[in-house]
Amino acid sequence: MKSKLLSLLCIAAGLLAVGASTARAAAAPRVVTITVNEAMKFDVSAITAAPGEEIKVVLVNSGSMPKLAMGHNWVLLKAGTDAAAFSAAAAAAGAAAEFIPADQKAAVVAFTKLIGGKETAEVTFKAPTEKGDYPYVCSFPSHFLLGMKGTLTVK
Ligand SMILES: [Cu+2]
C-alpha cells in the first residue's frame, strides 16, 4: 500500500516536472542573433514578429575594434520615427550616453548597450502590438548613414 502511494507520488511529481518545463518552453522568447563587425552592417536587416511577441535580440560583435573607436548597438525605434534625425541626435548625445539621446527615449522601443569587438549584448522585449514597420539602427555616429539599419515588421 505504502509503495503504491509512493509510486503515485512519483508519477505526480513527474507530471508536474513535465508541466513546468512545457510552460518554460512556451514562455521563452524567440532569439534573433545579429552579428556586426567592421563592415558596419547588421547581418539581419529584416525581422518579422507577431504583435506582442517576446523577442530576445543577441547582438554579437565579431569585429576587433574597441567600443569607442567602432562600437555598435541595436536600437529599435517606434514606427514612423525619423531614423536619420534620431541618429544625428544620438551622435550629438555622445559616447557617455552610449549614443542614446535622453530627450528621444520616447522614440525607443528597445536597445542594447554599446559594445566593442568580441563583445555581446542582448535585450529582451515585447514586439509592439500595433502592426507596422519599426526601424532599427546602430546609433554610433554615422553608422546609420553607412547602412547599419534594418526593419522589424509587426504583422
Ligand atoms: Cu555600428
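Scroll up to find the structure this text is about.
Presented here is an overview of the structure given in this document.

This brings us to the sheet that holds strand S7 (residues 132-137). Strand order in the open sheet formed by five strands is S2-S8-S7-S4-S5, and the pairing between neighbours is mixed. Whereas interior strands pair on both sides, the edge strands pair on one side only; in this sheet they are strand S2 (46-49) and strand S5 (108-111). Between one strand and the next, the sheet's axes are offset by a mean angle of 25°, whatever the strand orientation. Where S7 meets strand S8 (residues 149-154), six bridges bridge the pair, whose relative direction is antiparallel. Across the sheet, residue Tyr-136 finds its bridge partner in S8, namely Gly-150. Along the sheet face, helix H3 (residues 83-93) touches strand S4 (75-77), S7 and S8 and points at about 30° away from the line of S7.

Strand order in this open sheet of three strands is S1-S3-S6, and the pairing throughout is mixed. Only two strands of the sheet have a single neighbouring strand rather than two, namely strand S1 (30-36) and strand S6 (120-126). If you compare each strand with its neighbour and ignore which way they point, the axes differ by 20° on average.

Before going further, it helps to examine the environment of Asp-103. Tracing the chain through its elements places Asp-103 in the loop between H3 and S5. Judged by C-beta crowding, with 8 C-beta atoms within 10 Å, Asp-103 ranks as exposed. Residues Asp-103 and Ala-93, 10 residues apart in the sequence, show an inter-C-alpha distance of 9.4 Å.

It is worth spelling out the nonpolar core at this point. Judged by nonpolar contacts, the single largest core of 25 residues is most densely connected at Trp-74, Val-75, Leu-76, Leu-77, Tyr-136 and Val-137. For this core, the secondary structure elements donating two or more residues are S1, strand S3 (54-61), S4, H3 and S7. Aside from chain neighbours lying at most four places away, what touches Leu-77 is Ala-83, Phe-86, Ala-107, Val-108, Val-109, Tyr-134, Pro-135, Tyr-136 and Val-137.

Next up on the list: unusual backbone geometry. One non-glycine residue, Lys-118, lies in the positive phi region at around 65°. As for its position among the elements, Lys-118 is in the loop between S5 and S6. The class of Lys-118 is exposed, set by 12 C-beta atoms lying within 10 Å. Positive phi is not limited to glycine here, since Ser-142 has a value of about 70°. Looking at where Ser-142 falls in the secondary structure, it is placed in the loop between S7 and S8.

The next subject is H3. Phe-86, Ser-87 and Ala-90 are the residues of H3 that are buried. Buried residues of H3, seen end-on, are gathered within an arc of 100° and therefore sit on one face of the element. Every exposed residue of H3 that faces more than 90 degrees away from the buried side is listed here: Ala-85 and Ala-92. Those residues of H3 hidden inside the fold are in contact with S4 and S7.

Definitions and limits used
- Residues numbered from 1 in each chain as written.
- Predicted model: local features only at pLDDT ≥ 70, side-chain atom pairs only at ≥ 80, totals over all residues.
- Pairing = 2+ DSSP bridges.
- Helix = DSSP H or I, 4+ residues; strand = E, 2+ residues; numbered from the N terminus.
- Axes fitted to C-alpha atoms, helices over the stretch in contact; angles between N-to-C directions.
- Contact = placed C-beta atoms within 7 Å.
- Buried ≥ 20, exposed ≤ 12 C-beta atoms within 10 Å, placed from the backbone.
- Core = buried A, V, L, I, M, F, W, Y, C linked by C-beta atoms within 7 Å.
- Arc of directions from axis to C-beta.

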